[in-house]
Amino acid sequence: MSNAMWGGRFESGPAAIMEEINASVEFDQQLWRQDIAGSRAHVAMLAQQHIITQEDCTAILKGLEQVEREIEGGTFVFKRSLEDVHMNIESRLAEIVGPAAGRLHTARSRNDQVATDMKLWVRDTLDSIDQQMRDLQLALVERAVEFSGAVMPGFTHLQSAQPVTFGHHLLAYVEMLGRDRGRVQDARKRLNECPLGAAALAGTSFPIDRFATAKTLGFDRPTANSLDSVSDRDFALEALSSASICAMHLSRLAEELVIWTTPQFGFVRLSDAFSTGSSIMPQKRNPDAAELVRAKAGRIIGAMNGLLIVMKGLPMTYAKDMQEDKEGTFDALSSLSLSLAAMTGMIRDLTPDTKMMKKAAGSGYATATDLADWLVRTLKMPFREAHHATARIVGLATARKVGLEKLTLQELQTIEPRMTDAVFAVLGVEKSVRSRLSYGGTAPELVRKQAKRWLARLQREAR
């Protein structure tokens, strides 16, 4: 008796452990929509090319429609013994329409079939993720407009460096997400070639029209080399790379939210919707949503590394190793989608404490650079001399345990006799941020312009 799936080449079924390691239907059933879409395009092309009859085509299309209804309705039973989503759908199709179902697989292989399904799934998912990135950008921009003039400390080495505005800080992540979206859109554009018709690896002797199936499925063109068509997973790697960089950006923002919500900082408060409590400490408000976004970056980056390692040693063309492309890709892109949704919610709901931010901006002698710049601009000092003089003034203020603006003119003149009381015009944090008028700077008027420019762009995209 021959094997039900492999015909006469095999006389018996697989061992139980072989079935366990070989089956993929538990996770690749997620491709069912793409698999049915690919089959519809393929069978329509076969009929158009007179490779199968129109009667068989019509029967197959009706059968696929019934399969689609069953899966959507939850009545379809995926069987592990049939290995994967492709064989499960084809087997059920045969039960519905009879022998005509066997003609569906003419001029194709599971190798080009799964490559097409995966490309369709990744393409659909990248489109959705791009939209989510845009939504997060919009949330950040709206808050940036709202807090374009709210002063906060800017940090290097997590030490107070120079005053900036909260709106300016938020717009930094808008720029990051803009690059993330560019990578996603670029990856989407590059993947948009259709592998269907490459068959197992060498193409087919049937007179198929690969351009027709590519057009039906929304691809720009068919892939140009049958060997590359079935062995390529660059599209998944590019998607995972783009996802990894975005996840890293989200993790950095999540880390800042975790820090900012501590009592030691107190810059922002997350809403109850994105915070949790403690089972033992009643005073706790934990930023768990931010912490989980930060953690999910690890699994997303891990998925990219995992697929790179799977692919690195494979000769042409298809090998079963490539079945391992799916779980990591599905999980990583789903994790990124969830992280984007959570971060968008947190940004929309958070409440900044602008008084605490402003107080912190004035600590740590954050206007020291403004003082050095004043010495250069007004007294025509070389910057290095101004830097040394300012450092001595900071030392004096430290010894006095006061801010720079609290030193008297006489005290300042003990270090630089030419100083005048005009220097006090640059020592306040609000004066400092207003002076940063270079393009891309933190001056509130520039922040408002940049935020409004982004807002107009994002609203145009939405239309």
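Below you will find a few notes about this structure.

1. Brief notes about the overall build of the protein chain
Along the backbone of the protein chain there are 18 helices and six strands. Taking 23 Å as the expected radius of gyration for a compact globule of 463 residues, we find that the protein chain reaches 31 Å, considerably beyond that expectation. Seen through its C-alpha atoms, the protein chain measures out along the principal axes to roughly 105 × 50 × 40 Å. Each of the 463 residues in the protein chain was classed as buried or not, and the buried ones make up 49%. Residue pairs in contact within the protein chain that sit at least 24 positions apart in sequence constitute 74% of those at least 6 positions apart. Here the protein chain has roughly 22,300 Å² of accessible surface; of this, 54% comes from carbon and sulfur atoms. In the protein chain, which carries 57 positive and 56 negative side-chain charges, the distance between the mean positions of the two groups comes to 9 Å.

2. Here's the deal with the side chain of S251
Topologically, S251 is positioned in helix α10 (residues 234–260). Its relative accessible area of 15% is what places S251 among the buried residues. Once residues lying within four places of it in the same chain are set aside, the contact partners of S251 are R294 and A297.

3. A word on the packing of aromatic side chains
For the coordinates displayed, the defined rule picks out seven aromatic pairs. Residues F155 and F265 carry aromatic rings whose centres are separated by 6.2 Å and whose planes lie at 55° to one another, so their mutual orientation is tilted. Note that F155 is positioned in strand β1 (residues 151–156) and F265 in the loop between α10 and β5 (268–269), a separation of 110 residues in sequence. When its relative accessible area of 21% is taken as the criterion, F265 is described as partly exposed. Relative to F267, the ring of F265 has its centre 5.2 Å away and its plane inclined at 75°; by these criteria the two rings are edge-to-face. By way of ring pairs, the aromatic residues F147, F155, F166, W260, F265 and F267 are connected into one cluster.

4. Quick word on the layout of surface pockets
Put simply, the largest pocket is a space of about 340 Å³. Around the largest pocket, the lining comprises 17 residues; the ones closest to its centre are T261, T262, V268, R269 and R285. Taken together, the elements giving at least two residues each to the lining of the largest pocket come down to β5 and β6 (351–352). A per-class count over the lining of the largest pocket returns six nonpolar, seven polar and four charged.

5. Considering the nonpolar core
Of all hydrophobic cores here, the largest spans 94 residues; its most connected members are L140, F166, L336, L340, M343 and M346. The leading source of residues in this core is α10, at 15 residues. Among residues more than four places away in sequence, those in contact with L140 are L170, Y173, V174, L177, L253 and I347. The next biggest cluster of nonpolar side chains, apart from the first, holds 22 residues, and it includes A368, A389, I393 and L412.

6. Regarding the pairing of β1
Two faces belong to every sheet, and in a regular strand the side chains alternate between them. Bridge count for β1 against strand β2 (residues 159–165) is six bridges, and the pairing is antiparallel. Each bridged residue has a counterpart across the sheet, and for T156 the counterpart in β2 is Q159. Linkage of β1 to β2, two consecutive antiparallel strands, is achieved through a turn of two residues, within which H157 is found at a positive phi near 60°.

7. A closer look at the packing of helix α6 (residues 110–146) against helix α12 (residues 325–349)
It is the contact of α6 with α12, at a shortest axis distance of 9 Å, that shows an interaxial angle of 15°. Compared by their axis directions, α6 and α12 come out roughly parallel. Both α6 and α12 take part in a crossing whose hand is left-handed. When the residues that make up the contact of α6 with α12 are grouped by side-chain class, the tally is 17 nonpolar, five polar and seven charged.

8. Brief notes about helix α13 (residues 354–361)
M357, A360 and A361 are the residues of α13 that are buried. All buried residues of α13 lie within an arc of 105° about the axis, which places them on one face of the element. Exposed residues pointing more than 90 degrees away from the buried face of α13 are listed as K355 and K359. The elements touched by buried residues of α13 are β1, β2, α7 (166–191), β5, β6 and α17 (429–435).

9. Some details on the packing of helix α3 (residues 32–48) against helix α4 (residues 54–73)
Axis angle and axis distance: for two packed helices, these are the angle between their axes and the distance between the axes, and together they describe the pair. Remark: α3 packs on α4, axes separated minimally by 9 Å, with the N-to-C direction vectors making an angle of 170°. The orientation of α3 relative to α4 falls into the category roughly antiparallel. Residues W32, R33, I36, S39, R40, V43, A44 and A47 of α3 form the contact with α4, whose participating residues are Q54, C57, I60, L61, L64, E65, V67, E68, I71 and E72. Among the residues forming the contact of α3 with α4, the class breakdown is 11 nonpolar, two polar and five charged.

10. Re the environment of L82
Note that L82 resides in the loop between α4 and α5 (85–97). For L82, a relative accessible area of 17% gives the class buried. In the structure, L82 is positioned 59 residues away from A23 in sequence and 7.8 Å away in space, judged by C-alpha atoms.

11. Observations concerning unusual backbone geometry
Cis geometry marks the peptide bond from M316 to T317, where omega comes out at 0°. Along the chain, T317 falls in the loop between α11 (288–311) and α12. We note that H157 has phi near 60°; this positive angle belongs to a residue other than glycine. Within the fold, H157 resides in the loop between β1 and β2.

Basis of the calculations
- Residues numbered from 1 in each chain as written.
- Predicted model: local features only at pLDDT ≥ 70, side-chain atom pairs only at ≥ 80, totals over all residues.
- Heavy atoms only, no water.
- Helix = DSSP H or I, 4+ residues; strand = E, 2+ residues; numbered from the N terminus.
- Rg over C-alpha atoms; globule rule 2.2 N^0.38 Å.
- Buried < 20%, exposed > 50% of the residue type's maximum accessible area, 1.4 Å probe, protein only.
- Contact = heavy atoms within 4.5 Å.
- Areas by Shrake-Rupley, 256 points an atom, 1.4 Å probe, with all protein chains shown as cover.
- Lys, Arg positive; Asp, Glu negative; His and termini not counted.
- Charge placed at Lys NZ, Arg CZ, Asp CG, Glu CD.
- Phe/Tyr/Trp six-rings, centres within 6.5 Å; stacked < 30°, edge-to-face > 60°.
- 1 Å grid on protein atoms, 1.4 Å probe; cavity = no way out; pocket = protein on both sides within 12 Å on 5 of 7 lines; lining within 4 Å.
- Points joined across faces, edges and corners; volume = space filled by probe spheres on them.
- Nonpolar A, V, L, I, M, F, W, Y, C, P; charged D, E, K, R; others polar.
- Core = buried A, V, L, I, M, F, W, Y, C linked by side-chain atoms within 4.5 Å.
- Pairing = 2+ DSSP bridges.
- Axes fitted to C-alpha atoms, helices over the stretch in contact; angles between N-to-C directions.
- Parallel < 35°, antiparallel > 145°, perpendicular 65-115°, else oblique.
- Left-handed = near helix turned anticlockwise from the far one by under 90°.
- Arc of directions from axis to C-beta.

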